[in-house]
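Fold and geometry: a report
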Amino acid sequence: MTDDPARSQLPRDFFDRPVVDVAPDLLGRTLVRHTPDGPIELRLTEVEAYDGESDPGSHAYRGRTARNATMFGPPGHAYVYFIYGMWFSINLVCGPEGKASAVLLRAGEILTGTTLAAGRRPKARNTNELAKGPARLATALDIDRSLDGTDVCTTAATPLSILHGTPAPRDRVRNGPRTGVGGDGADHPWRYWIDGDPTVSRYRPHTPRRRTTSAT
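Position numbers for residues count from 1 along each chain, tracking the sequence in the order it is written. With the structure being a predicted model, the display of local features is reserved for residues of pLDDT at least 70 and the display and counting of side-chain atom pairs for 80 or more, all residues being used for whole-chain, interface and lining totals. Computation of side-chain values: all heavy atoms of the structure, hydrogens and water removed.

Focus on a nonpolar patch on the surface
On the surface, a cluster of nonpolar side chains totalling about 380 Å² of accessible area is made up of Tyr84, Met86 and Trp87. Each residue gets one of three labels from its accessible area relative to the maximum for its type: buried under 20%, exposed over 50%, partly exposed in between, using a 1.4 Å probe on protein chains only. Classification of Trp87 by relative accessible area gives partly exposed; the value is 39%. What makes a patch is a set of residues exposed beyond 30% relative accessible area and free of salt bridges, joined within 9 Å when like-charged and within 5 Å when nonpolar (Val, Leu, Ile, Met, Phe, Trp, Tyr). What sets the accessible areas is the Shrake-Rupley method with a 1.4 Å probe; for residues, cover comes only from the shown protein chains. For this analysis, a salt bridge means a side-chain nitrogen from Lys or Arg found within 4 Å of a carboxyl oxygen belonging to Asp or Glu.

See the structure below:
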């Protein structure tokens, strides 16, 4: 237990809400990655909401699969996926069990364990770049698919937890289209970030892949 409210753990009912309510409320919270070498703590500065089977941009839009099963599970768990054959990204599951929704953690500021994070991100030009983007965040915090399903709300020993932190002032929270999402989900204004924070990643619209045609 702690007397510092910022160091208290977020309860499960924080996540048992609509994903578009949880997402902006995560800004300023502290994600803790417990490693054998010590903790790495990160203040969340950018996130995106994905609303399951009602959201064309979501992994769960077409239903449950082995890959996205954690999104359908209880709220307050980590959903980690592998993308482009080389990177991991971490989400936090929201809403009632059985209804898939999750918040993608896009960027943050390393508060504790900077040396550990920098050791995993040697190409970062400065500390602001250590977790600037979802793949960089996962790499800096040593997050991979083995952490899929981790309970971030339990009081037991766990590799991931999330603390109350200092919520971002509402007048500094901005929202807009999600990065790299195309099709019918492109216009959803469900990317949220802290205005002016140097760790927030640059917005990139969806770019359709070019199809190559063979000569006949």
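Here we look at the layout of surface pockets
Roughly 1600 Å³ of internal volume is contained in the largest pocket. Computed over the protein atoms alone on a 1 Å grid, cavities are sets of points where a 1.4 Å probe fits but cannot get out and pockets are open sets with protein on both sides within 12 Å along at least five of seven lines; a residue lines them when it has an atom within 4 Å of a point. Taken together, 49 residues make up the lining of the largest pocket; nearest its centre are Ile83, Tyr84, Arg106, Thr179 and Gly180. Helix and strand definitions here come from DSSP, where helices need a minimum of 4 consecutive H or I residues and strands a minimum of 2 consecutive E residues; each element is numbered from the N-terminal end. Looking at the lining of the largest pocket, the elements that each hand over two or more residues are β2 (38-50), β3 (78-83), β4 (87-93), β5 (102-112) and α4 (134-140). The biggest single contributor to the lining of the largest pocket is α4, with four residues. Grid points are joined across faces, edges and corners, and a volume is the space filled by probe spheres set on the points.

Digging into the pattern of salt bridges
Throughout the structure, instances matching the rule amount to 17 salt bridges. As a salt-bridge pair, Arg12 and Asp151 come within 2.8 Å of each other at their nearest N and O atoms. Here Arg12 is found in helix α1 (residues 12-15), whereas its partner Asp151 is found in the loop between α4 and β6 (160-163), with 139 residues between them in sequence. Arg12 gets classed as partly exposed once you look at its relative accessible area, which sits at 30%. Residue Asp151 is classed as buried on the basis of its relative accessible area, which comes to 18%. Linked by salt bridges that have partners in common, Arg17, Asp25, Arg29 and Arg170 make up one network.

Quick look at the packing of aromatic side chains
Each aromatic pair joins two rings of Phe, Tyr and Trp (for Trp, the six-membered one) with centres within 6.5 Å, and gets the label stacked for planes under 30 degrees apart, edge-to-face for over 60, and tilted for any other angle. In this structure the tally under the stated criterion is three aromatic pairs. Seen from their ring centres, Phe14 and Phe15 are 5.0 Å apart, and the 75° between their planes marks the pair as edge-to-face. Taking relative accessible area as the criterion, Phe14 reaches 8% and is therefore assigned buried. Judged by its relative accessible area of 0%, Phe15 falls in the buried class. Measuring from centroid to centroid gives 5.5 Å for Tyr79 and Tyr81, while their planes differ by 40°, and the two rings are tilted.

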